[in-house]
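# Structural overview
Okay, here's what each chain looks like letter by letter:
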Amino acid sequence: MPNQKVPERTIAVLNLGRRCLLTLTNKHLRGQILRLVDGHGLADGRTLIKDQVDILLSGIAGYTIEHKNNFFKRVVSAIIAGFTLYFMAKSFVPDFFASPKHDANIILGFNIAIGAIGAIIGWLCYPDRYAFSINIMGSYTLIPIVRSQSPVVQDFITKLQNAKIAYEEM
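These notes cover the structure that comes with them. Just so it is clear, the structure is predicted and the values come from calculations on it, not from any experiment.

Reading the values: rules and limits
Residues numbered from 1 in each chain as written. Predicted model: local features only at pLDDT ≥ 70, side-chain atom pairs only at ≥ 80, totals over all residues. Heavy atoms only, no water. Helix = DSSP H or I, 4+ residues; strand = E, 2+ residues; numbered from the N terminus. Buried < 20%, exposed > 50% of the residue type's maximum accessible area, 1.4 Å probe, protein only. Contact = heavy atoms within 4.5 Å. Areas by Shrake-Rupley, 256 points an atom, 1.4 Å probe, with all protein chains shown as cover. Salt bridge = Lys/Arg side-chain N within 4 Å of Asp/Glu carboxyl O.

## Section: the overall build of the protein chain
On a plain count of helices and strands, the protein chain comes out with four helices and seven strands. For the protein chain, the residues scored as buried account for 34% of the 170 residues in total. For the protein chain, the proportion of contacts with a sequence separation of at least 24, taken over those separated by at least 6, is 57%. Carbon together with sulfur atoms contributes 61% to the accessible area of the protein chain, which is approximately 11,000 Å² in total.

## Observations concerning the pattern of salt bridges
For the structure shown, the criterion picks out four salt bridges. With its nearest N and O atoms 3.0 Å apart, the salt bridge here joins Arg30 to Glu8. Within this pair, whereas Arg30 is found in strand β3 (residues 28–38), its partner Glu8 is found in the segment before β1 (10–15), the two being separated by 22 residues in sequence. With relative accessibility at 30%, the residue Arg30 sits in the partly exposed group. Among the ionic pairs, Glu168 bridges to Lys164, the shortest N-O distance being 2.8 Å. Of the two residues, Glu168 and Lys164 are both situated in helix α4 (residues 150–169); the distance of four residues between them amounts to about one turn of the helix. Here the residues in one salt-bridge network are Glu8, Arg30 and Asp54, joined through shared partners.

## Thoughts on the environment of Ile121
The topology assignment puts Ile121 in helix α3 (residues 104–124). Classification of Ile121 by relative accessible area gives partly exposed; the value is 46%. C-alpha of Ile121 to C-alpha of Arg74: the two residues are 47 residues apart in sequence and 9.5 Å apart in space.

This is a description of form; function is not addressed.
The structure is reproduced here in structure tokens:
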């Protein structure tokens, strides 16, 4: 009985649209991924490349979800965008700001509204970035994901970890 071959069966499928379609079996990890590599494609100097994966579970050394927090960039861009919109409005409508006819509260409200719009625009320019990182035979592969996909990927990582442990015990 110990020499009997165990048939390959599917444990989980990770479908992240065009970014990733991985099938985890009790022996292999197979599928197609869109991975990040260093290059001149994206704003942070990386490029997306479509790649095929077909590896035994013993060839996978690590897996995690990486989170890049862009809070500082968001705060700085919100401040810059708020001041830029404020000074643009002040230069396009200088009479509104300099006129003694207008109540100081109206001008203050207008300034706050313009600054808030600029801050919102600046805040939305730099969302946090998430990536599914998998170490395949010593090569780190980053698969970009969005925040809402993190629980699905974490569930897949748990299944991958359990399948890897079971594979190594065979």
